[in-house]
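Architecture at a glance
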Protein chains: 2
Amino acid sequence: MPASIVIAVDAMGGDQGPPLVVAGLAIALERLAGRDVRFLLHGDEALIAAELSKHPSVAAASEVRHTASKIASDEKAAQALRRGKGSSLWNTVESVKTGEAAAAVSGGNTGALMAISKLLLRMTGGLERPALVASWPTIRGVTVVLDVGANVTSDADQLMEFAIMGEAFHGAVHGKPGARASVGLLNVGSEDIKGHEEVREAHRLLREAGLDIDYRGFVEGNDIAMGTVDVVVTDGFTGNVALKTAEGMARFFAMTLRAALTSTLLAKLGTLIASGALKTIRARLDPSSVNGGPLLGLNGVVVKSHGGADAKGFANAVKMAADLAASDYATQIAMNMEKLGEALRSVRAAAEAGS
Amino acid sequence: MPASIVIAVDAMGGDQGPPLVVAGLAIALERLAGRDVRFLLHGDEALIAAELSKHPSVAAASEVRHTASKIASDEKAAQALRRGKGSSLWNTVESVKTGEAAAAVSGGNTGALMAISKLLLRMTGGLERPALVASWPTIRGVTVVLDVGANVTSDADQLMEFAIMGEAFHGAVHGKPGARASVGLLNVGSEDIKGHEEVREAHRLLREAGLDIDYRGFVEGNDIAMGTVDVVVTDGFTGNVALKTAEGMARFFAMTLRAALTSTLLAKLGTLIASGALKTIRARLDPSSVNGGPLLGLNGVVVKSHGGADAKGFANAVKMAADLAASDYATQIAMNMEKLGEALRSVRAAAEAGS
């Protein structure tokens, strides 16, 4: 009989804290039915207990670790590192470090989560900084986009690291046997002359470094939803704006669709008849269905939930954590990093020798 | 009887050149029915004549100015400035400078169009660089986003200029009498600590400079389609990625909708009944319906059409040029610039004194 998968959860993270987190865990348990998943909840015991009393299924699967300390959503990462020890976010990540939990989920401060995860879990195979990855539904399947917000600026080296991490993640989580993930670099045009310096330099490195990845060159914003490549690499600022722009568009489309289809009696009748198909569309385009981005590059599974996600969105982040913990994701990522670390080091050495 | 509005057109611009341009003009003429609009077509006379013979309505409204020279889509802006004189793009902009035309439209090289327009038409009221503006349909009307690709990087000063230009443009083109356009700065989070240096500095300037604009602070990607503010300010790289990401999403939604609604016989029947409403949606979400971005900040109307736009999209760019030429847009922009130029200069003087 396999052991339980234990997921550490920051009960205080996100805009709404325990009420939303526990409601999200209830939905996650339904979706994970048949799998032996348990939760280690970090945060204010009294507040958590009040919510657990409303969700007996979650209470039965949970253990609570009390802490009164929490990291504010507007706290700087450096400050969170200095003063965050013992907070709900810190303790959640620490549960993965000690091996008590197989994965951590938090809807808290992204910068703090990144800094604390990096400190406690350390980076894999010589990588510099973690990246937040989004799994984006497209017309051809799933494209992963990174970084979507862990780093505000990224130099050419970091963009190259994102390419390596993204390829490994896509292969482990969304890949098909025998298929190789293709990689593109997000830019404002497909000609070599466009884009700013970091992007052009990363393009050159990816083409010339012999990194053994299927690099396809520049892609543009519209290529994301078209699924032109499996992995889209960009800096965290641009990636975050692109992801949130798409979320806004999804909401706009859903509202426009609803308004148009209830505007006349005839349209209402047609909508009634086609309702099954329309339900499918809404589910597929629901922004919260893509919630839950793992932080890549760490020795351990850490999943960031959007601070403003609803309970269903938080459940998706928990499910993603459970899936990753049960998969050979960690091993595959580590293997890929080791394999590619050597190429990366030689590129850097060459760059330093040349500068 | 009012004089004709003459629009100068770069017949060689865009991925497909004269066939698409002339077909686009035919559609534009239909949409501009009742208005006395004429075209001044710059480019290869023989190629243009062949297309005009297929569209007698365009032929009757057009004059052709032959040039064999054209600027390639991958030519660098500096090179286009040196060698572009006499090209179809150059001559198109020059028609506005000489007063022969009231507006210029080109689907050609964005960097070249910007550099040549800046050289020939000069900037208005002390502004540094033009910005490309997109009019974005939202749930609350139209939000203008700038820059969407005229500049690859933008410092805090330029972002502040974009705020000023965007406010003036929104007021002149999309504004309602008595209503003031609200302005937001695109960032990855709403707290003051987030974002990179340029964005944080622009935020400080916009709050403290007393620029007499309704600045609402940071907005995120999802705020664009939600119409949270009337004007979204960002650098050209981020803005271009956001715009193209949204275009990709629109295509993805249209394809998903079509697939879902033709998946079962029942859904097909419902779709047939609701077809009027669905047609409305498609028209509203069609990415080419937002094609046609004016270059702001110049002494003259220059509209950039997307290089990959179809004939309908090119027609939209032409219609935008005609509307702008007929409006008091140029006067309003110039007035706003003059009024705000003083504030801008004092901010810069203070910044230099302080640094």
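In this text the structure is predicted, and so the values were computed from the model without any measurement.

**Notes on the overall build of chain A**
What chain A contains, in helices and strands, is 14 helices and 11 strands. Taken across its 355 residues, chain A has 57% of its residues classed as buried. Within chain A, contacts between residues at least 6 apart in sequence are counted, and of these 71% link residues at least 24 apart. Total accessible area on chain A stands at roughly 14100 Å², and carbon and sulfur atoms take up 53% of it.

**Focus on the confidence of the model for chain A**
Counting all residues, the mean pLDDT for chain A is 86, and 87% of those residues have values of 70 or more. Here the complex is predicted with pTM 0.86, and the ipTM for its interfaces comes to 0.85.

**Examining the packing of aromatic side chains**
This structure, assessed with the given rule, holds three aromatic pairs over all chains. Plain terms: the ring middles of Phe252 of chain B and Phe253 of chain B are 5.9 Å apart, the flat faces sit at 35 degrees to each other, and that makes the pair tilted. Overall, Phe252 of chain B belongs to the buried group, its relative accessible area being 2%. Given the relative accessible area of 4%, Phe253 of chain B is considered buried. Put simply, the rings of Phe252 and Phe253 of chain A together with Phe252 and Phe253 of chain B pair up and form one aromatic cluster.

**What to know about the nonpolar core**
Grouped together as the largest cluster of nonpolar side chains are 208 residues, with contacts concentrated most on Ile7, Leu25 and Phe39 of chain A together with Ile7, Leu25, Leu146 and Val233 of chain B. What Ile7 of chain B contacts, discounting residues up to four positions off in sequence, is Val37, Arg38, Phe39, Leu40, Ala101, Ala103, Val105, Val318, Ala321 and Ala322 of chain B.

**Thoughts on the interface of chain A and chain B**
Between chain A and chain B, the contact holds 57 residues from the first and 57 residues from the second. Counting the surface lost from both chain A and chain B, the interface buries some 4900 Å², and carbon and sulfur atoms represent 81% of this. Where chain A packs against chain B, one counts two salt bridges. A salt bridge links Glu220 of chain B to Lys244 of chain A; its shortest N-O distance comes to 2.3 Å. Within the residue set of the side of chain A that touches chain B, elements represented by two or more residues are strand 5 (131-138), helix 9 (221-226), helix 10 (236-261), helix 11 (265-273) and helix 12 (275-285) of chain A. It is helix 10 of chain A that contributes the most residues to the side of chain A that touches chain B, 20 residues altogether. Counted by class, the side of chain A that touches chain B contains 32 nonpolar, 16 polar and nine charged residues.

Scoring rules and cut-offs
- Residues numbered from 1 in each chain as written.
- Chains lettered and ligands numbered in written order.
- Predicted model: local features only at pLDDT ≥ 70, side-chain atom pairs only at ≥ 80, totals over all residues.
- Heavy atoms only, no water.
- Helix = DSSP H or I, 4+ residues; strand = E, 2+ residues; numbered from the N terminus.
- Buried < 20%, exposed > 50% of the residue type's maximum accessible area, 1.4 Å probe, protein only.
- Contact = heavy atoms within 4.5 Å.
- Areas by Shrake-Rupley, 256 points an atom, 1.4 Å probe, with all protein chains shown as cover.
- pLDDT = per-residue confidence, 0-100.
- Phe/Tyr/Trp six-rings, centres within 6.5 Å; stacked < 30°, edge-to-face > 60°.
- Core = buried A, V, L, I, M, F, W, Y, C linked by side-chain atoms within 4.5 Å.
- Buried area = accessible area lost by both parts, 1.4 Å probe.
- Salt bridge = Lys/Arg side-chain N within 4 Å of Asp/Glu carboxyl O.
- Nonpolar A, V, L, I, M, F, W, Y, C, P; charged D, E, K, R; others polar.

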